[in-house]
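Residues per chain are reported as follows:
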Amino acid sequence: NRSDLSPSSFILASIPGLEADHFWMAILLCSMYILAVTGNCAVLFIVKTEPSLHAPMYFFLCMLAAIDLALSTSTVPRVLSFYWFNTREISFGACLVQMFLIHTLSAIESTVLLAMAVDRYMAICHPLRHAAILTNAVTVKIGLVAMARGVLFFLPLPLLLLPLPFCSSRVLSHSFCLHQDVMNLACANTTPSVVYGLTAILLVMGLDAILICLSYILILKAVLRLASWKERLKVFSTCVAHICVVLAFYVPLIGLSMVHRFGKDLAPLVHITMGNIYILVPAVLNPIIYGVRTKQIQRRILNLIHIYND
């Protein structure tokens, strides 16, 4: 019986049998969110205030931090409201906006990760041309192209869902809105949404993943031409942080896609856990990875801690 629901709303998913544990789950999510916000804000502050970090690689890192802040902030507060105050209903309009932000920001992050891979390729394979080609102005233009690309490719997703009628069952599989999840609740032909959504994913995330792999194949070829293993390891170590960030982004993305494609019979806990991992884990890990791997950021953080303690 769904007569108590607005016809223009959805119900966020809960885990059957674990409603009593929502408070503690929210504590865990809130802790991760605070860590993500603190870490990414620290990266933005350090790069802004440290002149030696005013280089394309670190500007790309700032873009990642800003994207992660926007992505987690567009979802986690609403999830915490659900867990703490049991506000399960989300309006149709708010759901479409949240869905658009999640997919668009993910596309922008994928493009920035590709740009960072190209930056590593240029730095290793063409070091003499690197500074001349990847200037700060070019980096800004790449950021703008990444934003335009994400918006143009994923703006049609909510527009394709807008005119569709929806069935009486409006319970989502996650505690936030994703295109595949909302689309599956429609009581109409969703072929245009399915085809366009798959096409957008393949042309953005899929193509980016292929080009990132190609960049690293070329990097490996260049590294293996070096004389000694010590020199090879030293050069390739400059890519370790980026590789970890790429894995932190694509592994949850692929896992979530697999759950939606093949996991219809899986327990709700699996869907909700994969969704939360996709939203929060990259935002938490990215500043930690670059904080550990980048000596300038390490020194700046230690200086800030020392000043605070004094």
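All of these numbers come straight from a predicted model, not from anything done at the bench.

Novice: Looking at this structure, how should I read the overall build of the chain?
Specialist: Within the chain, the secondary structure is distributed over 13 helices and two strands. A compact globule built from 310 residues would reach a C-alpha radius of gyration of about 19 Å, and the chain, at 21 Å, matches this within 12%. Considering only C-alpha atoms, the chain reaches an extent of 70 × 50 × 35 Å along its principal axes. Buried residues in the chain amount to 45% of all 310 residues. Pairs at least 24 residues apart make up 78% of the contacts formed inside the chain by residues separated by at least 6 positions. As presented, the chain carries roughly 15500 Å² of accessible surface, and 72% of it is formed by carbon and sulfur atoms.

Novice: What should I look at first to understand the state of the cysteines in this one?
Specialist: Such a bond, covalent and formed between the sulfur atoms of two cysteines, is termed a disulfide. Tallying each qualifying case throughout the model produces one disulfide. Sulfur-sulfur distance for the disulfide between cysteine 95 and cysteine 177 comes to 2.0 Å. Residues cysteine 95 and cysteine 177 are joined by a disulfide whose S-S torsion is about -120°; by sign, that bridge is left-handed. Of the two residues, cysteine 95 is situated in helix α4 (residues 92-125) and cysteine 177 in the loop between α7 (156-161) and α8 (179-183); the sequence distance between them amounts to 82 residues. Here cysteine 95 falls in the buried class, since its relative accessible area comes to 0%. Note on cysteine 125: no disulfide assigned, nearest cysteine sulfur contributed by cysteine 239 at a separation of 8.8 Å. Here cysteine 244 is not cross-linked by a disulfide; its sulfur's nearest cysteine counterpart is in cysteine 239, at 11 Å.

Novice: What am I meant to see in the confidence of the model for the chain here?
Specialist: Looking at the chain as a whole, the pLDDT averages 87, with 94% of positions reaching at least 70. When the elements of the chain are averaged for pLDDT, helix α13 (residues 295-309) gives the smallest value, 70, and helix α6 (residues 136-154) the largest, 95. Across residues 1-7, confidence stays below pLDDT 50; counting only partners more than four residues off in sequence or on other chains, it has six contacts.

Novice: Explain the nonpolar core here, please?
Specialist: Ranked by internal contacts, the top residues of the largest apolar core, which has 81 residues, are Phe10, Val112 and Leu113. In terms of residues, this core owes the most to one element, α4, which gives 15 residues. Every residue in contact with leucine 113, bar those within four places of it in the chain, is listed here: Leu64, Ile212, His242, Val245, Val246, Phe249 and Tyr250.

Novice: What is the right way to read empty space enclosed by the protein from this model?
Specialist: A probe matching the size of a water molecule, rolled over the atoms, marks out where space remains unfilled. Here the structure, examined in full by the defined rule, presents two cavities of 30 Å³ or more. Estimated volume of the largest cavity: approximately 50 Å³. Lining the largest cavity, in full, are Met57, Phe60, Met116, Asp119, Arg120, Thr238, Ala241, His242 and Tyr290. Of all the secondary-structure elements, those providing two or more residues to the lining of the largest cavity are α2 (56-73), α4 and α11 (240-262). By residue number, the principal contributor to the lining of the largest cavity is α4, which donates three residues. A per-class count over the lining of the largest cavity returns five nonpolar, two polar and two charged. Taken as a whole, the second largest cavity spans an internal volume of roughly 40 Å³. Together, Leu29, Thr75, Val76, Val79, Phe176, Asn276, Ile279 and Leu280 line the second largest cavity. Going through the elements one at a time, α3 (76-85) and α12 (268-293) are the ones with two or more residues in the lining of the second largest cavity.

The rules behind the values
- Starting from 1, residues in each chain are numbered consecutively following that chain's sequence as written.
- Reporting in this predicted model follows two pLDDT cut-offs: at least 70 for local features of residues, and 80 or more for side-chain atom pairs to be given and counted; totals over whole chains, interfaces and linings ignore these cut-offs and use all residues.
- As a rule here, side-chain values cover all heavy atoms of the structure and leave hydrogens and water aside.
- Going along the chain from the N terminus, every DSSP run of H or I of four or more residues is numbered as a helix, and every run of E of two or more is numbered as a strand.
- It is over C-alpha atoms that the radius of gyration is taken, and the globule rule equals 2.2 Å times the number of residues to the power 0.38.
- Throughout, exposure labels follow a simple rule: accessible area from a 1.4 Å probe, protein chains only, divided by the maximum for the residue type, with under 20% read as buried, over 50% as exposed, and the rest as partly exposed.
- Residue contacts follow a heavy-atom distance rule, with two residues in contact if any of their heavy atoms lie within 4.5 Å.
- Per-residue accessibility takes into account occlusion by the displayed protein chains alone, with areas from the Shrake-Rupley method and a 1.4 Å probe.
- The disulfide criterion used throughout: a pair of cysteine sulfur atoms within 2.5 Å.
- Every residue carries a pLDDT, the predictor's confidence in it, which falls somewhere between 0 and 100.
- Here, nonpolar core refers to any group of buried Ala, Val, Leu, Ile, Met, Phe, Trp, Tyr and Cys residues whose side-chain atoms link them within 4.5 Å.
- Using a grid of 1 Å spacing that covers the protein atoms alone, one calls a set of points a cavity when a 1.4 Å probe fits there but cannot get out, and a pocket when the set is open and has protein on both sides within 12 Å along at least five of seven lines; lining residues are those with an atom within 4 Å of a point.
- Grid points are joined across faces, edges and corners, and a volume is the space filled by probe spheres set on the points.
- Under the scheme applied here, ten amino acids are nonpolar (Ala, Val, Leu, Ile, Met, Phe, Trp, Tyr, Cys and Pro), four are charged (Asp, Glu, Lys and Arg), and all others, including Gly, are polar.

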